[in-house]
Amino acid sequence: MLEKKISDETMTQYLLGLLSEGQKEQLETLFFQNDDAFEQLTAFEDELIDDYTQGRLPSKFRTAFEKKLQSDPRWKQRKVFAQALARHAEESRSTEKEHVRAPSPRGFLSNLFQFRPAFRIAFATGGVFALAIAVWLGLQLRQQGIEIQALRAERDSLKAATGTLQTELTGLQQRSLDLTRQLEEEQEARLSGAQPDSPALRVLASVVLSPGLIRGNNDVAQIKIPGNSGIVRLELDLATVGEYGSYRAELHNSAGDLIWRSSNLSMRTTSWGKAVVLNLPAERLENGEYELTLQGLKGQVAPDSPVLFYFNVTKG
Amino acid sequence: MRPGTDQVTFDRFLFRLHPDRERAGEQYELIRRKLVKFFEWRGVSFADEPADEVLRRILEKLAQGEEIRDPFTYCYGVARLVLLELRKNIAKERAAINELQRASPSDNSENNERAYDCLSHCLNTVPAESRQLIQTYYTHDGGEKIEARKALADQLSIPLNALRIRAHRLRQRLEECVQVCMQKKK
């Protein structure tokens, strides 16, 4: 800053032409390069003129000042201006003193506004800031209120959409279950090929099968089927299987292909004991060995381990 | 554009002051203000003329292809040359002014009254906050003045030096306004 570089005394001496040429050049080089130094010097010039006008200039500089004043018409004008400014200031001071001596009965705020200009400015600035902050806060709160309302509306809308989607999903799940069941039924119907008790179909063979016989063993049941138009009746012995609410049966050939399947089979009481009776369409069966799987079902729980039945078909 | 220079040279000078055209304009004004004050402080009565002469010479040098590294220092160098040339005339000028003032003595009290009225008028032409600032800045006296100025600087959140410069600029505006007003009233 300039205060550190040039003293008031040096600036006074420069402005009054009292420095040596070398000192002048030093100062001028500084203010040509440094804008702050220049601004400070110009501001100091005002104060120098004010000091002279108001009798505050040290006596050692008065002669030099008056000499400068005589030779510089600008300074003369500036002195006239400084006198006018000082007079305004004096009147302003007097007015203030009167206000301080005779406070207005209008109240605290009025007195405060009539107090020193610095306080007036401070109060006014503070008021403007307070008002600006209040307005800003008001706007912020209003904006937040609007945003909260929008968020609430969005949340409600999402809730409604979620409910709708949930309903749709439930419907779709139900529809999927229905379709799955329907598909299974169709597959079963397709695989079973015919209603077991259809009078139009002829029983070509009837065999009682017991579980536990081993595939490829000579003891495997042999079924001879004389033709294609009719059914083969299989009675599955439940003596070692157990009694269940329903049964499911699947028939695979020796290659492992599913040939036939049926659910919801129920236990029947035959002449020789309890059995699950299957009526297979003869046309589905070819010469070869078959594996029949029977599972007992207990409502919705997982079925028990399957029981296997084996038989051999010879068509002729 | 300054008289006697072409636009290209003037643009080159501005660019040398600052690449941004607007900032360059501000720098040009500042350099001119420094020149005017330099001549004023060195006792030249009509400082605008030598200040413009310095700028004209610099543009001429630029047009001749001279390279200017530091425009402000270069300006100061040329200004000192111009001042040397003027020195012979300064004494004559001062003597003529003194003679003129003696020949037509102005009524000081009338002049002061006019200045006061003009200042009242000019104070009403500046914004209220500027008027408030200048009144606060100049109203107080002695130790009270220093305290009041410190308080004002704190209140405006600016250093005391910045306040000093701000008050000076405002005062300059008022002085110019008062000069114009006084001329009209004469």
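Starting afresh in each chain, residues are numbered from 1 along the sequence in its written order. Going through the entries in the order they are written, you letter the chains from A and number the ligands from 1. The predicted nature of this model means local features are confined to residues of pLDDT at least 70 and side-chain atom pairs, given and counted, to a pLDDT of 80 or more, with totals for whole chains, interfaces and linings taken over all residues. Side-chain calculation: all heavy atoms of the structure are included, whereas hydrogens and water are not.

Section: unusual backbone geometry
Positive phi, close to 50°, is recorded for asparagine 264 of chain A, a residue that is not glycine. Runs of H or I in DSSP of at least four residues are treated as helices and runs of E of at least two as strands, each being numbered from the N terminus. In this structure, asparagine 264 of chain A sits in strand E5 (residues 258–265). In this scheme, a residue with accessible area under 20% of its type's maximum is buried, one over 50% is exposed, and one in between is partly exposed, where area comes from a 1.4 Å probe on protein chains only. What makes asparagine 264 of chain A exposed here is its relative accessible area of 64%. With phi around 55°, serine 157 of chain B is a residue other than glycine that occupies positive phi space. In this fold, serine 157 of chain B is placed in the loop between helix H7 (142–156) and helix H8 (160–185).

Concerning the pairing of strand E8 (residues 288–297) of chain A
Regular strands place their side chains on alternate faces of the sheet. All names here are of chain A. Most of E8 is tucked away, with 9 of its 10 residues classed as buried. As defined by bridge partners, strand E4 (residues 246–253) adjoins E8 across 8 bridges and the pair is classed as antiparallel. The residue of E8 that forms the bridge with glutamate 250 is threonine 293. Paired strands, as defined in this entry, are two strands with at least two bridges between them according to DSSP. Summarising the sheet, E8 and strand E9 (residues 307–315) pair through 7 bridges and their orientation is antiparallel. Bridge assignment links glycine 288 to a residue of E9, and that residue is valine 313.

Details of the packing of aromatic side chains
Between rings of Phe, Tyr and Trp, where Trp is taken as its six-membered ring, a pair exists when centres lie within 6.5 Å; planes separated by under 30 degrees are stacked, by over 60 edge-to-face, and by other angles tilted. Per the counting criterion, the structure on display carries 17 aromatic pairs over all chains. Seen from their ring centres, phenylalanine 38 of chain B and tyrosine 76 of chain B are 5.7 Å apart, and the 90° between their planes marks the pair as edge-to-face. Of the two residues, phenylalanine 38 of chain B sits in helix H2 (residues 21–41) while tyrosine 76 of chain B sits in helix H4 (residues 71–103), which places them 38 residues apart along the sequence. Summarising the burial analysis for this pair, phenylalanine 38 of chain B and tyrosine 76 of chain B share the class buried. Taken together, the ring pairs in this structure connect Tyr14, Phe31, Phe32 and Phe38 of chain A together with Phe38, Phe39, Trp41 and Tyr76 of chain B into an aromatic cluster. Charge-over-ring contacts are defined here by two conditions on Lys NZ or Arg CZ: a distance within 6 Å of the ring centre and an angle within 35 degrees of the ring normal. One residue, lysine 68 of chain A, lies across the ring of tryptophan 75 of chain A, its end atom 5.0 Å from the ring centre. Directly above the ring of tyrosine 137 of chain B sits arginine 149 of chain B, whose terminal nitrogen or CZ lies 3.7 Å from the centroid.

In short, the description is geometric, and any link to function would need to be established separately.
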